[in-house]
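The chain contents come next:
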Amino acid sequence: MNDHRKKIIISEIKYWKKNKLLPAHYCDFLITLYARGNEMDEEDGKVSTSILSKEKKKKNVLIIICLLLAFVLSVGLFMFEKYPSLLLGFTGIILSALLLYPVFNQSIKKSSALPFIYISSAMILLAMSFKLWTTFFYEVPMLLLGLLILNCVLWLFAGRKLKLLYFTLSGAVGIVFIIGFLIYQI
């Protein structure tokens, strides 16, 4: 067994001991067994945190960053009116980077943070659609409905393709509401 794998296992056992998931004497036995009698990384009685808990913290930070980024970009689109084309372009670049991040980072593909990346991207795209309409096509209200339908169809397609129920439901409910609005207007 290689050293990295031993460190992971010993770290997990120390985590179990610290949180009393197993009796202390079992944990001591397992640590001695995997360390082959040598006490690894146990200076001053400190128990190192679990590798899995470190990864969970990384995922939580990634989720918070994604949601904050989506919020800041969405609000920023409507706060700054001076250069709308430049702002839309910058937001489009950020959106592309956010969507391409899981493609190049293999560890995020099976992570629980991936849905939050998709949700953040959908929020940014919706905000960009509103900004595009309010800046350039404000006189054409039917174009707003077209952009909303396009977003809903995109959510519906993404939900079906990625097997994400919340996107499928969001897209379907959005289309139903838009059709209901159109029927109500007639």
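Residues numbered from 1 in each chain as written. Predicted model: local features only at pLDDT ≥ 70, side-chain atom pairs only at ≥ 80, totals over all residues. Heavy atoms only, no water.

Even after reading the chapter, I still don't get helix α1 (residues 3-18), so can you show me in this structure?
Structural remark: α-helix, 3.6 residues per turn; residues separated by three or four positions point the same way. Here α1 is 16 residues long and its end C-alpha atoms lie 22 Å apart, about the 22 Å a rise of 1.5 Å per residue gives. Inspection of α1 places K6, I10, S11, E12, I13 and K14 among the buried residues, and these make up the whole buried set. Backbone geometry just downstream of α1 places K20 in the positive-phi region, at approximately 55°. (Helix = DSSP H or I, 4+ residues; strand = E, 2+ residues; numbered from the N terminus. Expected span 1.5 Å × (residues − 1). Buried < 20%, exposed > 50% of the residue type's maximum accessible area, 1.4 Å probe, protein only.)

Is there a simple way to explain the nonpolar core in this structure?
Across soluble globular proteins, nonpolar side chains have a tendency to be buried as a group. Counting residues in each nonpolar core, the largest one holds 25 residues, and the members touching the most others are L62, L77, I117, I124, M128 and F167. Once you skip the residues sitting within four places of it in the chain, I117 turns out to touch L62, C66, L98, Y101, P102 and I108. If you look at the next biggest cluster of nonpolar residues, it comprises five residues, including I10, I13, C27 and A35. (Core = buried A, V, L, I, M, F, W, Y, C linked by side-chain atoms within 4.5 Å. Contact = heavy atoms within 4.5 Å.)

Could you clarify how one ought to interpret the confidence of the model for the protein in this entry?
Predicted coordinates in regions of low pLDDT should not be interpreted in detail. Put simply, the protein has an average pLDDT of 83, and 90% of its residues get 70 or more. In the model, residues 41-47 has pLDDT below 50 throughout and makes seven contacts with residues more than four positions away in sequence or in other chains. (pLDDT = per-residue confidence, 0-100.)

Is there a simple way to explain a positive patch on the surface in this structure?
A grouping of K18, K54, K57 and K58 is seen on the molecular surface, where their side chains present a positively charged patch. Among the elements that take part in the positive patch, helix α3 (residues 51-79) stands out by supplying three residues, more than any other. Tracing the backbone shows K57 in helix α3. What makes K57 exposed here is its relative accessible area of 53%. (Patch = residues over 30% accessible without salt bridge, like charges linked within 9 Å, V, L, I, M, F, W, Y side chains within 5 Å. Areas by Shrake-Rupley, 256 points an atom, 1.4 Å probe, with all protein chains shown as cover. Salt bridge = Lys/Arg side-chain N within 4 Å of Asp/Glu carboxyl O. Lys, Arg positive; Asp, Glu negative; His and termini not counted. Charge placed at Lys NZ, Arg CZ, Asp CG, Glu CD.)

Got a minute to help me understand the packing of helix α6 (residues 141-162) against helix α7 (residues 165-185) in this structure?
The description of two helices packed together rests on the angle between their axes and the distance between the axes. Where α6 meets α7, the axes come as close as 7 Å, and the angle between the chain directions of the two elements is 155°. The angle between α6 and α7 places the two elements in the roughly antiparallel class. Crossing hand, α6 versus α7: left-handed. Here M142, L145, L148, I149, C152, V153, W155, L156, G159 and R160 of α6 lie close against α7, whose contacting residues are F167, T168, S170, G171, A172, G174, I175, I178, F181 and L182. Its residues placed into classes, the contact of α6 with α7 shows 14 nonpolar, five polar and one charged. (Axes fitted to C-alpha atoms, helices over the stretch in contact; angles between N-to-C directions. Parallel < 35°, antiparallel > 145°, perpendicular 65-115°, else oblique. Left-handed = near helix turned anticlockwise from the far one by under 90°. Nonpolar A, V, L, I, M, F, W, Y, C, P; charged D, E, K, R; others polar.)

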